[in-house]
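# A structural walkthrough
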Amino acid sequence: MSAQEPKKGRPSRLELATTFTFEAAHQLHRAPEGSKCSRLHGHSWKVDVLVEGELDEEYGWVIDFDEIARAFEPVYDALDHRHLNDIEGLQTPTSEHVAIWIWDHLSDALPQLSGITVHETCTARCTYRGPDPQ
Ligand SMILES: [Zn+2]
């Protein structure tokens, strides 16, 4: 057996992540009184798009990273250099809602989507793993 072949019994499911960034402002009107988040401010947002699937033995990958990048383009165009509160469905643009919104606008184009992690700052992030199974 060559070093390239998976060992017997090794799980064949893997998760990939591609990281994107965009710039956008938001304002959390529902934040408790005195919260700095209630003031208009911006972030350099970072988004990890997580994709899970089986290893394609022919190509040696789960999915082409370029395919993830192509799927993310409309999401980037919708969010970059925007006031997130103005976007339909993002009237309360917390990291949680941004992660759910991105999932909802990406899952059709990326059926293997397994998670969205939104980094609002270097130390604060939220991961959404998709809706609960029906
Ligand atoms: Zn903020």
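Here, every reference points to the structure presented above.
To start, this report covers the structure provided alongside it. Numbers given to residues run from 1 along each chain, matching the order in which its sequence is written. Owing to the predicted nature of the model, reporting of local features is limited to residues with pLDDT of at least 70; listing and counting of side-chain atom pairs is limited to 80 or more, with chain, interface and lining totals taken over all residues. Neither water nor hydrogens contribute to the side-chain values; these are computed over all heavy atoms in the structure.

## Describing the pattern of salt bridges
Criterion for a salt bridge: a side-chain nitrogen of Lys or Arg within 4 Å of a carboxyl oxygen of Asp or Glu. Taken as a whole and assessed by the stated rule, the structure comprises three salt bridges. Glu52 is the partner of Arg13 in a salt bridge, and the nearest nitrogen-oxygen pair spans 2.9 Å. Note that Arg13 is positioned in strand 1 (residues 13-26) and Glu52 in strand 2 (residues 41-54), a separation of 39 residues in sequence. Relative accessible area serves as the criterion here: at 31%, Glu52 is assigned to the partly exposed category. When the shortest N-O distance is used, the salt bridge between Arg13 and Glu54 registers 3.9 Å. Placement of the pair is Arg13 in strand 1 and Glu54 in strand 2, with a sequence separation of 41 residues. Each of Arg13, Glu52 and Glu54 takes part in salt bridges that share partners, so that together they form one network. Runs of H or I in DSSP of at least four residues are treated as helices and runs of E of at least two as strands, each being numbered from the N terminus. A 1.4 Å probe rolled over the protein chains alone gives each residue an accessible area, and that area as a share of the maximum for its type sets the label: buried under 20%, exposed over 50%, partly exposed in between.

From the geometry alone we can't say anything about function, so treat these as descriptive.
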